[in-house]
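Observations on chain architecture
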Amino acid sequence: MSDISIYEITVTQVIKNLEHLKRFIDKGKSFAESKNIDIDVLLNARLAPDQYNFIRQIQTACDTAKLGAARLTGKHFQSHDDKEKTLSDVIDRIDSVVGILKELKPEDYKEAADKKISLPRWEGKSLTGKEYALHHMIPNFFFHIVTAYDILRHNGVELAKKDYLGDFPFKS
């Protein structure tokens, strides 16, 4: 059995889950249409007063994916202005980040595991790229994906665990 690469967990899995997020959004759109609910209600919904709303959860998941890739590879990507207000804006944001990630190759991550990564809020402390991916980037990304899922589910959108997990690459 080969070791899983940082590329696989920070690009392949992230793309897969951003695509799942678009399916959550499609179900949210269908739900809103069937119940005669303005989609803005779902886009601006939140689980708690001190948590981000649905749109901000998506923006943060996308930023976590893109900035994580930048930190691990040393590449620079176009920034997003966090101006999304509509369903179409949100989908465009996801598609933009998926497009950026799809341009990355495993070779871009050749030195990622040992790279020293530090963020301003860490007050001079750092993690290796491997530690950053495993302890910060991936958990943070999935936190925002699952919170977006939970916001829709809490508001009545019929989502199930299978929607969250998606399809598996089963072998026969």
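See above for the structure.
The text that follows walks through the structure, step by step, so that each part is easy to find. (Residues numbered from 1 in each chain as written. Predicted model: local features only at pLDDT ≥ 70, side-chain atom pairs only at ≥ 80, totals over all residues. Heavy atoms only, no water.)

Applying the stated criterion across every chain, the model contains 1 cavity of 30 Å³ or more. When its volume is computed, the largest cavity comes out at roughly 40 Å³. Forming the boundary of the largest cavity are Ile25, Gly28, Lys29, Ile39, Leu42, Leu43, Phe54, Leu87 and Leu152. For the lining of the largest cavity, the elements supplying multiple residues, two or more each, are helix H1 (6–34) and helix H2 (39–43). For the lining of the largest cavity, the class distribution of residues is 7 nonpolar, 1 polar and 1 charged. (1 Å grid on protein atoms, 1.4 Å probe; cavity = no way out; pocket = protein on both sides within 12 Å on 5 of 7 lines; lining within 4 Å. Points joined across faces, edges and corners; volume = space filled by probe spheres on them. Helix = DSSP H or I, 4+ residues; strand = E, 2+ residues; numbered from the N terminus. Nonpolar A, V, L, I, M, F, W, Y, C, P; charged D, E, K, R; others polar.)

Below, the discussion takes up the packing of aromatic side chains. Applying the stated criterion to the full structure yields 6 aromatic pairs. Centroid distance Phe141 to Phe142: 5.2 Å. Interplanar angle 80°. Geometry classified as edge-to-face. Judged by relative accessible area, Phe141 falls into the buried class, the value being 0%. For Phe142, a relative accessible area of 22% translates into the label partly exposed. Aromatic side chains Tyr149 and Tyr164 sit 5.9 Å apart centroid to centroid with 70° between the ring planes, which places their arrangement in the edge-to-face category. Here Tyr149, found in helix H5 (residues 129–154), pairs with Tyr164, found in helix H6 (residues 161–165); they are 15 residues apart in sequence, far enough to count as distant. As far as the burial class goes, Tyr149 and Tyr164 line up, both buried. (Phe/Tyr/Trp six-rings, centres within 6.5 Å; stacked < 30°, edge-to-face > 60°. Buried < 20%, exposed > 50% of the residue type's maximum accessible area, 1.4 Å probe, protein only.)

The subject of this paragraph is the packing of helix H3 (residues 54–73) against helix H4 (residues 87–102). The interhelical angle for the contact between H3 and H4, taken along N-to-C directions, is 10°, at an axis separation of 10 Å. Judged by the angle between their axes, H3 and H4 are roughly parallel. Note that H3 runs across H4; the crossing there is left-handed. When H3 is examined against H4, the residues Ile55, Ile58, Gln59, Cys62, Asp63, Ala65, Lys66 and Ala69 are found in contact with a partner set consisting of Val90, Arg93, Ile94, Val97, Ile100 and Leu101. By residue class, the composition of the contact of H3 with H4 is 10 nonpolar, 1 polar and 3 charged. (Axes fitted to C-alpha atoms, helices over the stretch in contact; angles between N-to-C directions. Parallel < 35°, antiparallel > 145°, perpendicular 65-115°, else oblique. Left-handed = near helix turned anticlockwise from the far one by under 90°. Contact = heavy atoms within 4.5 Å.)

Core analysis: the biggest nonpolar cluster contains 48 residues, and Leu18, Leu21, Leu72, Ile94, Leu101 and Tyr109 have the highest contact counts within it. Listed by contribution, the elements that provide at least two residues to this core are H1, H2, H3, H4 and H5. Among residues more than four places away in sequence, those in contact with Leu21 are Ile58, Ile94, Ile145 and Ala148. (Core = buried A, V, L, I, M, F, W, Y, C linked by side-chain atoms within 4.5 Å.)

Following the criterion strictly, the structure yields 10 salt bridges and no others. The shortest N-O distance in the salt bridge between Asp63 and Arg93 comes to 2.6 Å. Of this pair, Asp63 sits in helix H3 while Arg93 sits in helix H4, placing them 30 residues apart in sequence. For the pair Asp63 and Arg93, a shared accessibility class is recorded, and that class is buried. Between Asp167 and Lys162 there is a salt bridge, with the nearest N and O atoms lying 3.5 Å from each other. The structure contains a network of salt bridges with shared partners spanning Arg56, Asp63, Lys66, Asp82, Glu84 and Arg93. (Salt bridge = Lys/Arg side-chain N within 4 Å of Asp/Glu carboxyl O.)

Computed from the structure, the largest pocket encloses a volume of approximately 180 Å³. If you trace the largest pocket, you find it lined by Thr60, Asp63, Thr64, Leu67, Gly68, Arg71, Leu119, Arg121, Tyr132, His136, Asn140 and His144. For the lining of the largest pocket, the secondary structure elements donating two or more residues are H3 and H5. When residues in the lining of the largest pocket are grouped by element, the largest group, 6 residues, is from H3.

A word on the environment of Arg46. Here Arg46 shows up in the loop between H2 and H3. A residue is classified by how much of its surface remains accessible, and Arg46, at 38% relative accessible area, is partly exposed. Residues Arg46 and Arg56, 10 residues apart in the sequence, show an inter-C-alpha distance of 9.5 Å. Look past the residues within four positions of Arg46 in its chain and what remains in contact with it is Gln51, Tyr52, Asn53 and Ile151.

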